[in-house]
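Single-letter residue listing:
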Amino acid sequence: MLLFSLACVVDEPLACGSGTHEKDGLCVADEGDTATDSAADADTDSDADTDADSDADSDTDADSDTDTDTDTDTPYTVCDDGVAPFTDIQDAVDAAADGDTISVCAGTYGAVELEDRELTLVGDGADVTTIFGGGSGALSVTGGEVEVSHFALRGTGDGSAGGAVTASEADDLYVHDVSITEAGGSVLILQMGGNAIWENIVMADNTLGESSSMAIIIGGPGGGSALVRHLSYTNNSAYTILYVNTIDAVVENSVFADSSYGMLGVSVQAYGGDHVVQNNVFHGVTPTMGGSTRLFYFDGANFRNNIVSESPASELYWATGASTSYNDSWGSNGSFSGTDNLGADPKFTDAAAGDFTLRAGYSPCIDAGDPSSDHDDADGSRNDMGAYGGPAGSW
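Figured I'd write up the structure that's included with this text. (Residues numbered from 1 in each chain as written. Predicted model: local features only at pLDDT ≥ 70, side-chain atom pairs only at ≥ 80, totals over all residues. Heavy atoms only, no water.)

## Re the overall build of the protein
In terms of helices and strands, the protein carries three helices and 29 strands. Sorting the 395 residues of the protein into buried and exposed places 44% on the buried side. By sequence separation, contacts in the protein at least 24 residues apart represent 56% of the contacts at least 6 residues apart. (Helix = DSSP H or I, 4+ residues; strand = E, 2+ residues; numbered from the N terminus. Buried < 20%, exposed > 50% of the residue type's maximum accessible area, 1.4 Å probe, protein only. Contact = heavy atoms within 4.5 Å.)

## A look at the nonpolar core
Core analysis: the biggest nonpolar cluster contains 68 residues, and Ile-89, Trp-198 and Phe-296 have the highest contact counts within it. With seven residues, the single largest contributor to this core is strand 15 (residues 214-234). Apart from residues no more than four positions distant in its own chain, Trp-198 is found in contact with Val-165, Ala-167, Leu-173, Val-175, Ile-189, Gln-191, Leu-227, Val-228 and Arg-229. Formed by twelve residues, the second largest nonpolar core is a distinct cluster that contains Val-255, Val-281, Ala-351 and Ala-368. (Core = buried A, V, L, I, M, F, W, Y, C linked by side-chain atoms within 4.5 Å.)

## Examining the state of the cysteines
Going through the model one piece at a time under the given rule, you end up with one disulfide. Sulfur-sulfur distance for the disulfide between Cys-79 and Cys-105 comes to 1.8 Å. Taken as a pair, Cys-79 in the loop between strand 3 (77-78) and helix 3 (89-95) and Cys-105 in the loop between strand 4 (101-104) and strand 5 (107-109) lie far apart in primary sequence, 26 residues in all. Among the residues examined, Cys-79 registers a relative accessible area of 7% and is labelled buried. (Disulfide = S-S within 2.5 Å.)

## Some points on unusual backbone geometry
A positive phi is found at Asn-235, a non-glycine position, where the angle reads about 55°. Checked against the element boundaries, Asn-235 lands in the loop between strand 15 and strand 16 (240-245). Given the relative accessible area of 46%, Asn-235 is considered partly exposed. For Asn-333, which is not glycine, the phi torsion reads 55° and is therefore positive. Tracing the backbone through its elements, the reader meets Asn-333 in the loop between strand 27 (328-330) and strand 28 (348-350).

## Things to note about the packing of aromatic side chains
Applying the stated criterion to the full structure yields 15 aromatic pairs. Their ring planes at 15° and their centres at 6.2 Å tell us that Tyr-76 and Phe-86 sit as a pair that is stacked. Of this pair, Tyr-76 sits in the loop between helix 2 (31-70) and strand 3 while Phe-86 sits in the loop between strand 3 and helix 3, placing them ten residues apart in sequence. Here the aromatic residues Tyr-233, Phe-256, Phe-282, Phe-296, Phe-298, Phe-303, Tyr-317 and Phe-336 are joined through ring pairs into a cluster of three or more. Sitting over the ring of Tyr-362, Arg-359 keeps its end group 4.4 Å from the ring centre. (Phe/Tyr/Trp six-rings, centres within 6.5 Å; stacked < 30°, edge-to-face > 60°. Lys NZ or Arg CZ within 6 Å of the ring centre and 35° of its normal.)

## Quick look at a negative patch on the surface
Side chains of Glu-113, Glu-115, Asp-116, Glu-118, Glu-145, Glu-169, Asp-171 and Asp-172 sit close together on the surface and give a patch of like negative charge. Note that Glu-115 resides in strand 6 (residues 112-115). Accessibility expressed as a relative area gives 56% for Glu-115, which makes it exposed. (Patch = residues over 30% accessible without salt bridge, like charges linked within 9 Å, V, L, I, M, F, W, Y side chains within 5 Å. Areas by Shrake-Rupley, 256 points an atom, 1.4 Å probe, with all protein chains shown as cover. Salt bridge = Lys/Arg side-chain N within 4 Å of Asp/Glu carboxyl O. Lys, Arg positive; Asp, Glu negative; His and termini not counted. Charge placed at Lys NZ, Arg CZ, Asp CG, Glu CD.)

## What about the environment of Ser-311?
Its place among the elements puts Ser-311 in the loop between strand 24 (307-309) and strand 25 (315-320). Considering only alpha carbons, one finds Ser-311 and His-283, 28 residues apart in sequence, at a separation of 5.9 Å. Sequence-distant contacts of Ser-311, that is, excluding residues within four places in its chain, are made with Phe-282, His-283, Gly-284, Val-285, Leu-295, Gly-331 and Ser-332. Reaching out from Ser-311, the side chain makes a polar contact with the backbone oxygen of Ser-309 at a distance of 2.9 Å. (Polar contact = N/O pair within 3.5 Å; in protein donor to acceptor, adjacent residues only side chain to side chain.)

## What to know about the pairing of strand 10 (residues 145-149)
Alignment of strand 7 (residues 118-123) against strand 10, held across five bridges, turns out to be parallel. Bridge pairing links Leu-121 to Val-148 in strand 10. As paired strands, strand 10 and strand 13 (residues 172-181) are joined by five bridges and run parallel to one another. In the strand pairing of strand 13, Val-148 is matched with Val-175. (Pairing = 2+ DSSP bridges.)

## Focus on the pattern of salt bridges
One side chain can pair with another of opposite charge once the charged atoms of both are near each other. Considering all chains together, one arrives at five salt bridges under this definition. A salt bridge links Asp-98 to Arg-117, with the shortest nitrogen-to-oxygen separation between them at 3.0 Å. With Asp-98 in the loop between helix 3 and strand 4 and Arg-117 in the loop between strand 6 and strand 7, this pair connects stretches of sequence that are 19 residues apart. Judged by its relative accessible area of 45%, Asp-98 falls in the partly exposed class. Using a relative accessible area of 14% as the deciding quantity, one classes Arg-117 as buried. Through salt bridges with shared partners, a single ionic network connects Glu-199, Arg-229 and Glu-252.

Given below as structure tokens:
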């Protein structure tokens, strides 16, 4: 009986508490709680994933914001449509810090003045971006280090103001890839002292006053330097085309064509400066006044490797202390003294169409310039006379 009773006691199920059940004589947790725990763990993982995704989304948003910022206009962009930070170039100049670049959209803008600034001004192109200065000229630069490019520069140039550019004692001025057209007044480019480079400039269809006007003036009592290179000067009228004194100046690889002057075309006077006029073309440059006219006046200048054609004057040139060698004069009422000058038709490719390159195999001016190696053409051959010879002849 006793054994039977014990067996009966053992066979009775255990009285397990809530959330547990009997298994193999032990109380164990219900499987539902385990599932709940698993679900909780899953929720925790899901939350972590969600947080991670959220962080990732946040990063993505941040990246998106960064990308958007890089697409906006720079602080010194000027457009006349009101979209850019500035609509006026002068306002941008006044706001900019030295060393900044100001980019200018297509449009027409007012005159610009820079005094002791270090800035770069870049237009969208001389065919679409214009600075029009009215009577004061388009651009005035005093001191500083300034680069200006890809603009059309225009002004009426009332009085003695530059119809396009006035520069005074600039430490370092570089004006390039600009056009100066349909301007007036008494002078188009006026450089008074300082150091400047004028390169890749088109001057066309400008009419200046008959009396004492000068298209380009380079001089000033303070000394300095100037380089005029790759200038295309066509269909202009001025009393004097180019006047240079005092400043050390080089005028090279340029074309002066189909233009008129009063009594004196080009005046280059040393007065303490060192002047070189080399590898240029003067074609169809004629006086408008009667009496004694002169195409060139040289005082201490070095005039070499130039072609002067169909440019009659009562006197081709007058010179003192100057060197005039390796030039060609054709149809211009005179010849140059000096070494190895020519008096032959230069045989341009098509002068009527404005193409003043030399016809290969025909032009006597090919390999006829200064034989010194520092005047060689870009291909290493002897200097060709005219605007497309010499080291800077490729343009």
